[in-house]
Each structure stands twice: as C-alpha cells, then as structure tokens.
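Inside the fold
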Amino acid sequence: MLSVQEAEALILSLVDPLTRGDVEIVDLLEARGRILASSIASPVDFPHWDNSAMDGYAVRSEDVQTATADQPVTLTVVTEIPAGVASQQAIAPGQAARIFTGAVMPAGADTVVMQEQTQREGDRVTVLTTPKPQAFVRQQGSYARVGDHLLPTGCRLEAAAIAILAAAQCSEVSVFRRPRVAILSTGDELVPIDQPLQPGQIVDSNRYALMALVAQLGCEPVSVGIVTDQPEVLKAAISQVVPLVDVIISSGGVSVGDYDYVEQILTELGLIIQVRSVAVKPGKPLTVASFPDPDDPGLRNLFPLYFGLPGNPVSALVTFWRFVVPALRKLSGLPSPWQPTYVNAIAQQSLTPDRQRESYIWGHLKLVEGYYTFAPAGGSQTSGNLINLAGTNGLAVVPLGDAAIAPGEIVRVLLMQ
Ligand code: AMP
Ligand code: MG
C-alpha cells in the first residue's frame, strides 16, 4: 500500500504534458478556460503612444513651474484633442491643448494638468497649481515594449489574459487541445438514469459526477457508459477506447470482491499496474495502470493512463480530487504545481484519524471574518453516502495516527475544485 504522497508522486511521474503536436487554433471568443500553447510577445508598445490619463490640459511643464492659486499661470488653448485623434498641432511656449482621457499627447507638451486644477475662460486657461513634470501622462511603452513577454505558455485563459490578447490583436490563439478522458462505470447493479429501478439496482451516478468534474477541468469527457461485471465485456470496452483517449477512468470493480475484475483485465491488456492501493480513506482500492513506456518517451502520450477508481460514490470523488486532478492538470499543459490547493481552517468539531490511512473528511469550508472554518458534513460520513456531499466544498485532511484534530485546532483542507 502506497502512502498518499508516494501515490501522488508516482502518478505525476507517469504523465507527460501535451506537446506542440497537440495544439489547435481557436477564436479568442471561444478561448476562455483554454491553455495557451505558445508564449505571446507584444507586437506593439503598451501604451501605444504617450497619452493623457485625465481630462484636462496638456502643457509644457516649464511654463507652469510657478503656478499657485495666488499666482496662477494663464496659457492660450490652441487646440482640442479628444480620444482617438492624433493632433498635428505642436504646443509652443505659453500654449496648452484641451485634452481628454486616452487622447494622444501633442508634440511640445509633456504634462497634463487635470481640469479641476484650472479655470477656463474662452481660449485661455488658468493653471492653479504646479504639476509634477510628466504628471498624468501615460508614457508610450511604460507597461510593455514591443517584443516583451505578455503571456507564458501554459497560461489558462481567463478574463484578464483574454483582455491582453485582444489588446495585442490576437483574434485567434494557439491552445492545447482538450485532453480526452473516457469514463466508464462497472457494475451489474448499475442502470442508466432513465430506466426504472428494479430491486437491487442503482443509478450510475458516478458517471455523471466524473463527467462533470472532467469537463470542469477543461477536458473532454467521453462517455463509455455502463459495463457489466463480465471480464470479456469489460475488456472489449477498455480496448475500444484505448486508441481514442488520453486517460481512462473507470469506477467500481477495483476491490477484492469476486466481481472485481479491473486489475486482471488491465494486466491481460498489457498494462502495468502502478498503484494497487493507497493509504487513503476513503478510496483505498485505487488502481492506476499505464502502458509500458515505449523507447521514445515522446510517444508515451499515445497511450492512455488508466485510473480505476473505487465504486462508492464518495470514494470515487475523493480519489478523483486527490489523485486524478493533478494528473489532468499536468497533462493539460498547465505549469506546476499540479497538486490540489489546500487552505488552513479552524476545525469546528473533532476530526477523527484512522490508524493506517490518511483521512479525507468532506464538509463545509466557510470564510468567517477573514478566517476559514471547517465543519464536517452532517449525517453519515460513509463512502456510500453521496447525499451529504450536497453543498460541501472541502476535504479536511486528517493525518494517519492516533491524534484527533480537536475543535479550534488548525486543519488542512483540500479545496474541491
Ligand atoms: P465496487 O467498487 O464495484 O465494489 O462498488 C462499490 C459500491 O459502489 C457498490 O455499492 C456499488 O453499487 C457502488 N457503485 C459502483 N459503481 C457505481 C456508480 N457508477 N454509481 C453509483 N454507485 C456505484
Ligand atoms: Mg462493482
């Protein structure tokens, strides 16, 4: 049995990120959540030209060095420059230009006096304070220069990055393709969602949960469906998706029962069992398998990595958050760290450890006056109970051993995301 940390490290070592061959071009409007496949260098200076940060007057700073409310300086307004217009008129000594936010600075002027510090009468403007030289001028290239790095490879495209790409006129961007993840559910007791339940049957809820999680991570779920507990059927289902996907996730059939065939079939199909069980609660019978490494490590991505998650609904989700999420993040082209995000929280109740396994207790993480608190979900904390997962957002990590985490003590909580 591997420790959680050993399993995490081993799994990450089995994953290679998507490469240059796994790239597609998408319209910027379709790019949200996608991962940039090549870094972006600035095609222009930002700002593109010196421009005004205020509505006011563009002046020569030497003209207004002595201006105060008692001894103001009066200048002649020779032109008006709205945003979007490049004025041809240079500002000579004693002159000013009426200027608006974002408008290009006229030649000769180097400083903007905000309009609140002036009085206007006809074509004359009186300046009532001494501005600092270059005040309220956004200098060309002061944010970025031509050729500067704007965004790195591996950047997830959200609103801010998309704004930068738009400003750099990248209407199309090169992103990694979405990793394809096959999801199949094993179990003779499982029925599709729309079928009446006969005694002993349950709905294949894991497939819905896993497809949602896979999609949420920016991957493309490929639903294989329900596979009965017959070795030949399971073998055929797995072989069929091997050439189509980057990762295969099954749930159920990885325990030690008479109908748990997953490991045997993976071995028959030529995969190497990398992980058989992990000292984690819930989720101990996690199976991870890979195809033998081809000689050329660059070809490794031709073969999917296999995750056999336990069937119990909570175990399937906990093992997904803890072990599958980092693998999918690394595969997607995101930079490290790929590990889950943890926050420290104040335990609201005693959290009981397990002697042999690191425990993950699902519950409610709340931000109370700037501090996180964690309360376990009410009802039965058993891996078959998916009902009390409702509204939960964190998994408290209780190290293995004898020491409970007492109310008021700090506990690490994994963010379910
Ligand atoms: P197994 O790991 O196959 O022994 O399954 C463990 C438990 O999880 C059993 O109670 C199953 O009925 C349940 N289970 C297995 N697969 C699913 C699924 N796809 N959806 C919901 N529950 C499942
Ligand atoms: Mg089963």
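Let me sum up the structure you'll find in this document.

Reading the values: the criteria
Here, residues in each chain are numbered from 1, in the same order as that chain's written sequence. To label them, take the chains in the order written and letter them from A, then take the ligands in the order written and number them from 1. In view of the model being predicted, local features appear only for residues whose pLDDT reaches at least 70, and side-chain atom pairs are presented and counted only at 80 or more, with totals across whole chains, interfaces and linings using the full set of residues. The side-chain values count all of the structure's non-hydrogen atoms but skip hydrogen atoms and water molecules. By the criteria applied, helices consist of DSSP H or I runs no shorter than four residues and strands consist of E runs no shorter than two, each listed in order from the N terminus. One less than the residue count of a helix, multiplied by 1.5 Å, gives the span that helix is expected to have. Type-normalised accessible area, obtained with a 1.4 Å probe on protein chains alone, sets the label of each residue: buried when under 20%, exposed when over 50%, and partly exposed for intermediate values. Note that the arc is computed from the directions linking the helix axis to the C-beta atoms. The criterion used for residue contact is that any of the two residues' heavy atoms lie within 4.5 Å. Note on geometry: axes are lines fitted to C-alpha atoms, helical ones only across the stretch in contact, with angles between N-to-C directions running from 0 to 180 degrees. The labels follow the angle: roughly parallel below 35 degrees, roughly antiparallel above 145, roughly perpendicular from 65 to 115, and oblique for the rest. The crossing is said to be left-handed when, going from far helix to near helix, the turn is anticlockwise and less than a right angle, and right-handed when the turn is clockwise. The classification used treats Ala, Val, Leu, Ile, Met, Phe, Trp, Tyr, Cys and Pro as nonpolar, Asp, Glu, Lys and Arg as charged, and all other residues, Gly among them, as polar. Strand pairing is defined by DSSP finding a minimum of two bridges between the two strands. Aromatic rings from Phe, Tyr and Trp, taking only the six-membered ring of Trp, are treated as a pair when their centres fall within 6.5 Å; an angle between ring planes under 30 degrees marks them as stacked, one over 60 as edge-to-face, and anything in between as tilted. In this scheme, the term charge over a ring applies when either NZ of a lysine or CZ of an arginine sits within 6 Å of the ring centre and within 35 degrees of the ring normal.

As for helix α3 (residues 205-216)
Taking 1.5 Å as the rise per residue, α3 with 12 residues should run 16 Å; its terminal C-alpha atoms sit 17 Å apart, in good agreement. Turning to α3, its buried residues number three or more, namely N206, R207, L210, L213 and V214. The arc that holds every buried residue of α3, seen down its axis, measures 135°, which confines them to one face. Those residues of α3 that are buried are in contact with β13 (180-186), β16 (220-227), β17 (247-251), β21 (305-309) and α6 (313-332). G218 occupies a position one or two residues after α3 and carries a positive phi of about 85°.

Some thoughts on the packing of α3 against α6
The contact between α3 and α6 brings their axes to 11 Å, and the two run at 25°. Overall, the two elements α3 and α6 adopt an arrangement that is roughly parallel. In this structure, the crossing between α3 and α6 has a hand that is right-handed. Here α3 contributes N206, A209, L210, L213 and V214 to the contact with α6, which in turn contributes P313, A316, L317, F320, W321 and L328. Partitioned by chemical class, the residues of the contact of α3 with α6 number 10 nonpolar, one polar and no charged.

Structural notes on the sheet that holds β21
The six strands lie next to each other as β16-β13-β17-β21-β20-β18, forming an open sheet whose pairing is mixed. A single partner strand is all that each edge strand has here, and the edge strands are β16 and β18 (272-275). The sheet shows a mean angle of 20° between the axes of neighbouring strands, direction not considered. Sheet analysis places strand β20 (residues 287-290) next to β21, joined by three bridges and oriented antiparallel.

Structural notes on the packing of aromatic side chains
Scanning all chains against the criterion turns up one aromatic pair. In this arrangement the basic side chain of R322 is found over the ring face of F323, its NZ or CZ atom lying 5.6 Å from the centre. Against the face of Y342 rests R412, its NZ or CZ located 3.9 Å from the ring centre.

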